[in-house]
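A look at the structure
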Amino acid sequence: KKIFFSGLTAMEKKLAEYKCNTNEAVQLKLVRFPEDLEDDNTTFNPEYSHQVFGDDEVAFGYKGLKILLYYIAGNLSTLFRIEYTSKVNEKFDCVEADDVESKIREIIPPGFCTNTDDFVSLLEKEVNFKPFGMLLHTYSVHNEEAGEDITYQIYQADMTCPGFREYHERLQTFLMWFIETASFIDVDDERWNYFLVFEKYNKDGATLFATVGYMTVYNYYVYPDKTRPRVSQMLILPPFQGEGHGAQLLETVHRYYMSSPTVLDITAEDPSENYVKLRDFVLVKLCQDLLCFSPGKLMQGFSQEMVMEAQQKLKINKQHTRRVYEILRLRATDMGDAEQSRSYRLDVKRRLIGPYKKKQRELAKMRRCLRPEELTNQLNQIDLNMQHEQLEESFQQLVSDYRRVLERLAQA
């Protein structure tokens, strides 16, 4: 028996060497120049790969596995190759390596290159690539490294733009690597709007365009003649993150819809924490000059006037307007003044306690229909002290989030 066990562990050890972390194995690149192919500084890795490789984010059967997914910076023509130093051999090890290739083929559209030469010859044609759709906004960002201002443009496109459907298929593959619960959308539904961010760059005296990021928005119908656009996906590609492009994109999209009389307000589907922070910043920036948010009015509390003005002028819904009010009121409040800070705390906590109050109303209903021994169980879950602690914690967390928004606003 002993021999059997030691044999097993040796085998296990051997097999363990053939496990690769897929977040490290997948290597992404946005290529502008042939030399980018050899430059490790242009490589970036996924944040997530569980949607392609399963929850463990492991590929079995290879040593030194590299899954190369290189994209030409503008039109995103793709090079897909798999490299490894060794692979388990079914004859000797009685185990089979994962079929990595077919997993990747499921998410990338057909028509990709498999060798570098083909890819480089496509790169030479990139000078013909132009952004899709209608130009909405141009802005520039100072780049320390290059020592110059770089120009960016935001476009609104749809499926009628020649070549856009195929481009979008390549673009959306990035969602799998950077959004935790990504899914591909039904592009045949005409109610989708697409907003794209491009960087202008120079190559051999010509101006070229590189893909920076994008957003998809679905236009819900609201009876009888309005729409409610809902942000579905938003991604700024990793090489461009932290440069303010998300804020530029979101503000541009808001302004695009603001000019439409049929739009009621803008919402978002299942927003991430980062998206909420971004939205807070953009909406506060848009709202701060509205009359209803003057310091005097902020001190009188949240009002219907704020709801109306933010919705009519800026297409912001009631729930988001409330957050904007709380952030701007924090800016106008002297938190060192006991009376002012108490009044602010009570105002925010009154909103935060809403869900608890709802729970208590539900409990009162249960009291009327449950037997006493069933009830104690339910009641134990809601301890008042715990409620106060949670409430205080939520409040402190909010205030620190709000302060970050205000700091960013002060620098904008």
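Details of the structure are given in the entry above.
Since we're looking at a predicted model, the values are computed, not measured. Per-chain numbering applies: the sequence of each chain, read as written, is numbered from 1 onward. Given that the model is predicted, a residue must reach a pLDDT of at least 70 before its local features are reported, and side-chain atom pairs must reach 80 or more before they are shown or counted; all residues, however, enter totals for whole chains, interfaces and linings. With hydrogens and water stripped out, all remaining heavy atoms of the structure feed into the side-chain values.

**As for the overall build of the protein chain**
- Numbering goes from the N terminus for both helices and strands, where a helix is a DSSP run of H or I of at least four residues and a strand is a run of E of at least two. A count of helices and strands for the protein chain gives 17 helices and 14 strands.
- Its C-alpha atoms put the protein chain at 75 × 75 × 45 Å along the principal axes.
- Each residue is assigned to one of three classes by its accessible area relative to the maximum for its type, calculated with a 1.4 Å probe on protein chains only: buried under 20%, partly exposed between the two thresholds, exposed over 50%. Per-residue burial over the protein chain gives 45% buried out of 412 residues.
- For the protein chain, the share of sequence-separated contacts (at least 6 apart) that also reach a separation of at least 24 residues comes to 67%.
- Working convention for charge: Lys and Arg count positive, Asp and Glu count negative, and His plus the chain ends are omitted. By convention, the charge on Lys lies at NZ, on Arg at CZ, on Asp at CG and on Glu at CD. When the 52 basic and 63 acidic side-chain charges of the protein chain are each reduced to a single mean position, those positions are 8 Å apart. We call two residues in contact whenever any of their non-hydrogen atoms come within 4.5 Å of each other.

**A short note on the pairing of strand 12 (residues 206-222)**
- By the criterion of burial, strand 12 is predominantly enclosed, with 13 of the 17 residues buried.
- Connecting strand 11 (residues 192-203) to the antiparallel partner strand 12 that follows it, the hairpin turn spans two residues, and Asp204 within it adopts a positive phi of roughly 50 degrees.
- Where strand 12 lies against strand 13 (residues 226-236), 10 bridges are found, and the strand directions are antiparallel. Counterpart to Tyr218 in the pairing with strand 13 is Arg230.
- Each pair of strands is called paired provided DSSP finds at least two bridges between the two strands. Following strand 12, the chain reverses through three residues before pairing antiparallel with strand 13.

**A closer look at the sheet that holds strand 11**
- Within the open sheet, the six strands sit side by side as 9-10-11-12-13-14. Their pairing is mixed. Since the sheet does not close on itself, it has two edges, and those belong to strand 9 (134-143) and strand 14 (267-268), each with one partner.
- Relative to strand 10 (residues 148-157), strand 9 is paired through nine bridges, and the arrangement is antiparallel. Bridge pairing in strand 10 places Ser140 opposite Thr151.

**Structural notes on the sheet that holds strand 6 (residues 66-72)**
- An order of 3-2-6-7 is seen for the four strands of this open sheet, with the pairing classed as mixed. Sheet topology places strand 3 (43-44) and strand 7 (78-83) at the edges, where each strand pairs with a single neighbour.
- Pairing of strand 6 with strand 7, which is carried by six bridges, proceeds in the antiparallel orientation. Looking across to strand 7, one finds that Tyr70 is bridged to Leu79.
- As a rule, the C-alpha atoms of each element are fitted with a line to give its axis, helices using only the stretch in contact, and angles between N-to-C directions run from 0 to 180 degrees. Where helix 6 (residues 116-124) meets the sheet, its contacts fall on strand 2 (26-31), strand 6 and strand 7, and the angle it forms with strand 6 comes to roughly 20 degrees.

Nothing here speaks to function; it is geometry throughout.
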